[in-house]
Amino acid sequence: MLQDHAKGAAPGWEEPRATAVVVLQDGTVLEGYGIGAVGEADGEVCFNTAMTGYQEILTDPSYAGQIITFTFPHIGNVGTNEEDVETVNLAGSSGVRGTILAAPITDPSNWRASRDLDAWLKSRGIVGLSGVDTRALTALIRDRGMPNAVIAHDPEGRFDIEALKARAAALPSMAGLDLVPMVTGSQRYDWDETSWAIGQGYGRRSASTHHVVAIDYGVKRNILRLLTDAGCKVTVVPATAGLEDILALEPDGVFLSNGPGDPAATGEYAVPVIRELLDRKVPTFGICLGHQMLSLAVGARTMKMHQGHHGANHPVKDKTTGKVEIVSMNHGFAVDPATLPGNAEETHVSLFDGSNCGIQLNDRPAFSVQYHPEASPGPRDSHYLFARFVKLMDGAKAAR
Ligand SMILES: NC(=O)CC[C@H](N)C(=O)O
């Protein structure tokens, strides 16, 4: 499967030896050239269709336990920098385990670049390879669903393919896995960083009005920045924070973050706390995993998707306004809208496949979306949801 761009180029030309392989759970072997960390990594392979923002994607903690293949062939051409990192807690590492690329990584061409992608992947322990026919791999995922796989990278090109096949076949399904403990923070902390635009003097930070406690199931940095831009004083607490810990902070609202793994597997600790907060009518806003957990807390069910949604160009309709927004997505599970209780209304829907993309409760001040309104990467169409959360807290305060 090595790409044959140079084949027949000169007499005596020999195909370079594969220095990395991906072995899928069904025994499919794809060869390529190793990039990033040397060694082996395993996880569920998903494809991401974003054309830009690979650094934000590769540092989104929601990808813990996964390997990302990009459908856009030229990944790495603008290098990497210190700013476009979405992890908050994982100093020097990432959630994602590995990456699979089509074209070789070229020299970075961007004034912000401080390092090339290959060295950056290595520094974060991400194992990868290029030279793979990622169109074929994406077609395979569309046919059969997201497979488990092992990537092995050895500069000497020595692989025990049979052992890798056995290992890939034995990996557990993502369904049932709680991966939040791998990426949540261990300490409570205050957050005060605003978004890039405000930092550069282009935007305006709203006056500080509400105290938001953000529960960190693997939170992305730009969510915390946008809550801050919207005028919130933000305190981040670990995923295991109990009801009393949260109420002691006297929140005007609670934010439920994105995160990795199967939402149904967080039912033991996270969902009961959310249920209690809802019962106390604390204004609540959830994103992605937070949306799934809010839905679970009101009695709905979540299900594993066939190929999931991972990209920066997904059309979603806000049924409350009739407007269509183009959004950033990263999820492999979804809320089954047929299981939503009578007090929960579907507010957003995917125009790609009709899947549920948002809910609001009619009897309590709470709403959530399945996609990533903070973007990073992706369009900014959905930033309005942060203002909607502030309005919800305004209303709750006025009613007190
Ligand atoms: N971005 C997220 O929060 C992902 C949520 C969940 N892990 C899923 O894959 O559906």
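Residues numbered from 1 in each chain as written. Predicted model: local features only at pLDDT ≥ 70, side-chain atom pairs only at ≥ 80, totals over all residues.

1. What to know about the nonpolar core
And then number 1: By size, the foremost hydrophobic cluster in this structure holds 101 residues, and its most contacted members are V22, A149, I151, A214, I215, L227 and I274.
And then number 2: Examining the composition of this core, we find that six residues originate from one element, helix 11 (residues 384-399), more than from any other.
And then number 3: Both domains that meet at this core, namely domain 1 (20-170) and domain 2 (180-399), each give it at least three residues.
And then number 4: If we skip the residues at most four places from it in the chain, V22 touches L30, I100, L129, V132, A149 and I151. (Core = buried A, V, L, I, M, F, W, Y, C linked by C-beta atoms within 7 Å. Buried ≥ 20, exposed ≤ 12 C-beta atoms within 10 Å, placed from the backbone. Helix = DSSP H or I, 4+ residues; strand = E, 2+ residues; numbered from the N terminus. Domains from an automatic or database assignment. Contact = placed C-beta atoms within 7 Å.)

2. A look at unusual backbone geometry
And then number 1: That bond from S376 to P377 is cis: its omega, 5 degrees, falls within 30 degrees of zero.
And then number 2: By secondary structure assignment, the location of P377 is in the loop between strand 17 (366-369) and helix 11.
And then number 3: Positive phi, close to 60 degrees, is recorded for A375, a residue that is not glycine.
And then number 4: Note on placement: A375 falls in the loop between strand 17 and helix 11.
And then number 5: Residues other than glycine seldom take positive phi values, yet S376 does so here, at roughly 50 degrees.
And then number 6: Its place among the elements puts S376 in the loop between strand 17 and helix 11.
And then number 7: For S376, a count of 25 C-beta atoms within 10 Å corresponds to the buried category.

3. Observations regarding the domain arrangement of the protein chain
And then number 1: Examined at the domain level, the protein chain breaks down into domain 1 (20-170) and domain 2 (180-399).
And then number 2: Spacing between the C-alpha centres of domain 1 and domain 2 amounts to 28 Å.
And then number 3: Each partner contributes residues to the interface: domain 1 has 24 residues there, and domain 2 has 26 residues.
And then number 4: Those elements that provide at least two residues to the side of domain 1 that touches domain 2 are strand 3 (39-48), helix 1 (54-58) and helix 3 (134-144).
And then number 5: Top contributing element to the side of domain 1 that touches domain 2 by residue count: strand 3, with three residues.
And then number 6: The class makeup of the residues in the side of domain 1 that touches domain 2 is eleven nonpolar, nine polar and four charged. (Nonpolar A, V, L, I, M, F, W, Y, C, P; charged D, E, K, R; others polar.)

4. Focus: the site of the ligand
And then number 1: In the vicinity of the ligand, the contacting residues are S62, N258, G259, P260, G261, P263, C288, L289, N330, H331, G332 and F333.
And then number 2: The leading source of residues in the shell around the ligand is strand 14 (residues 323-335), at four residues.
And then number 3: In terms of residue class, the shell around the ligand is built from five nonpolar, seven polar and no charged. (Near = placed C-beta within 6 Å.)

5. Concerning the pairing of strand 10 (residues 232-238)
And then number 1: In terms of strand pairing, strand 8 (residues 189-191) meets strand 10 through three bridges, oriented antiparallel. Counted as the bridge partner of D190 is T235 from strand 10.
And then number 2: Relative to strand 10, strand 9 (residues 210-216) runs parallel, the two sharing seven bridges. Looking across to strand 10, one finds that A214 is bridged to V236.
And then number 3: A crossover connection joins strand 9 to the parallel strand 10 through helix 7 (residues 221-229); in handedness this β-α-β unit is right-handed. (Pairing = 2+ DSSP bridges. Right-handed = clockwise from strand over helix to strand, strands pointing away.)

6. What about the sheet that holds strand 11 (residues 253-256)?
And then number 1: Taken in spatial order, the ten strands line up as 8-10-9-11-12-17-16-15-13-14 in an open sheet, and their pairing is mixed. Two strands bound the open sheet, and with one partner strand each, they are strand 8 and strand 14. On average, each strand axis in the sheet is inclined to that of its neighbour by 25 degrees, with strand direction left out of account.
And then number 2: In the packing of helix 7 onto the sheet, the strands contacted are strand 8, strand 9, strand 10, strand 11 and strand 12 (284-287), and the crossing angle to strand 10 comes to about 150 degrees. (Axes fitted to C-alpha atoms, helices over the stretch in contact; angles between N-to-C directions.)

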